[in-house]
Amino acid sequence: MTLTMTPAAIAKIQAKMTSGQKILLDLDDGVGPFSNVGYCSLDTSFRLLLVPADADIKDYPGEFESNLGPVYYKDYAASYFDEHEILDINDKNQMLTLSNHSGLVDGHISIVVFEKEVMMY
């Protein structure tokens, strides 16, 4: 699958990114080492996670090819995708947006940077 990032989205991501980080498009559902708690919501909520190169991303086996390198996601999140994903910037609020041929998937994607490995308990 391909995730196309606009130049504005790439600039916003690169401003927070350091060398060697992996990019995760995280369905924020409380599953995996990068979520603190699960919650019940009717909204679809994605986050863009920048994690260390050595981070364990076994919960993210899906992979997009993108113009910024591989972007990993939880395989069951694929039900939100139609193979025409675009990551862009909303000019009004400067948030990342994810859309595809079906329409807007999420209009408020935050970027979260993890500077060190997340410990599992």
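First things first, this report covers the structure right here in the doc. Computed from a predicted model, the values in this text were never measured in an experiment. (Residues numbered from 1 in each chain as written. Predicted model: local features only at pLDDT ≥ 70, side-chain atom pairs only at ≥ 80, totals over all residues. Heavy atoms only, no water.)

Focus: the side chain of Glu 85
Reasoning step 1: Summarising the element assignment, Glu 85 is placed in strand β6 (residues 85-89).
Reasoning step 2: Of note is the side chain of Glu 85, whose polar atom sits 3.0 Å from the backbone nitrogen of Glu 83. (Helix = DSSP H or I, 4+ residues; strand = E, 2+ residues; numbered from the N terminus. Polar contact = N/O pair within 3.5 Å; in protein donor to acceptor, adjacent residues only side chain to side chain.)

A few points about the nonpolar core
Reasoning step 1: If you look at the biggest cluster of nonpolar residues, it comprises 24 residues, and the most contacted ones within it are Met 5, Ile 13, Phe 46, Leu 48, Leu 87, Leu 96 and Leu 98.
Reasoning step 2: Those elements that place two or more of their residues in this core are β1 (2-5), α1 (7-14), β2 (22-27), β3 (46-51), β5 (71-73), β6, β7 (96-100) and β8 (103-113).
Reasoning step 3: The residues touching Ile 13, leaving out its near neighbours within four places in the chain, are Met 5, Leu 48, Leu 50, Leu 68, Leu 87, Leu 96 and Ile 111. (Core = buried A, V, L, I, M, F, W, Y, C linked by side-chain atoms within 4.5 Å. Buried < 20%, exposed > 50% of the residue type's maximum accessible area, 1.4 Å probe, protein only. Contact = heavy atoms within 4.5 Å.)

What about the sheet that holds β1?
Reasoning step 1: Pairing within the closed barrel is mixed, and its eight strands lie in the order β1-β4-β5-β2-β3-β8-β7-β6. The average undirected angle you get between the axes of adjacent strands in this sheet is 30°.
Reasoning step 2: Of the strand pairs in this sheet, β6 and β7 are connected by four bridges, and their pairing is antiparallel. Paired with Ile 89 across the two strands is Leu 96, which belongs to β7. (Pairing = 2+ DSSP bridges. Axes fitted to C-alpha atoms, helices over the stretch in contact; angles between N-to-C directions.)

Section: the packing of aromatic side chains
Reasoning step 1: This model, assessed by the stated rule, comprises seven aromatic pairs.
Reasoning step 2: Linked through ring pairs, Phe 46, Phe 64, Tyr 73, Tyr 80 and Phe 81 together constitute an aromatic cluster. (Phe/Tyr/Trp six-rings, centres within 6.5 Å; stacked < 30°, edge-to-face > 60°.)

Quick look at α1
Reasoning step 1: Within the span of α1, buried status applies to Ala 9, Ile 10 and Ile 13. The buried side chains of α1 occupy one side of the element, clustering within an arc of 100° when seen end-on.
Reasoning step 2: Contact partners of the buried residues in α1: β1, β3, β6, β7 and β8. (Arc of directions from axis to C-beta.)

Some details on the side chain of Ser 66
Reasoning step 1: In this structure, Ser 66 sits in strand β4 (residues 62-66).
Reasoning step 2: There is a polar contact of 3.0 Å between the side chain of Ser 66 and the backbone nitrogen of Leu 68.
Reasoning step 3: Within the structure, Ser 66 has its side chain in polar contact with the backbone oxygen of Gly 69 (distance 2.5 Å).
Reasoning step 4: Filtering out sequence-adjacent residues up to four positions away, Ser 66 remains in contact with Leu 3, Met 5 and Val 71.

Considerations on the pairing of β4
Reasoning step 1: Side chains Gly 62, Phe 64 and Ser 66 of β4 all project onto a buried face; the interleaved residues Glu 63 and Glu 65 project onto a face where none is buried.
Reasoning step 2: When β1 meets β4, the two strands line up parallel, connected through two bridges. Within β4, the position partnered with Leu 3 by the bridge is Ser 66.
Reasoning step 3: Note: β4 against β5, three bridges, orientation antiparallel. Within β5, the residue paired with Gly 62 across the bridge is Tyr 73.

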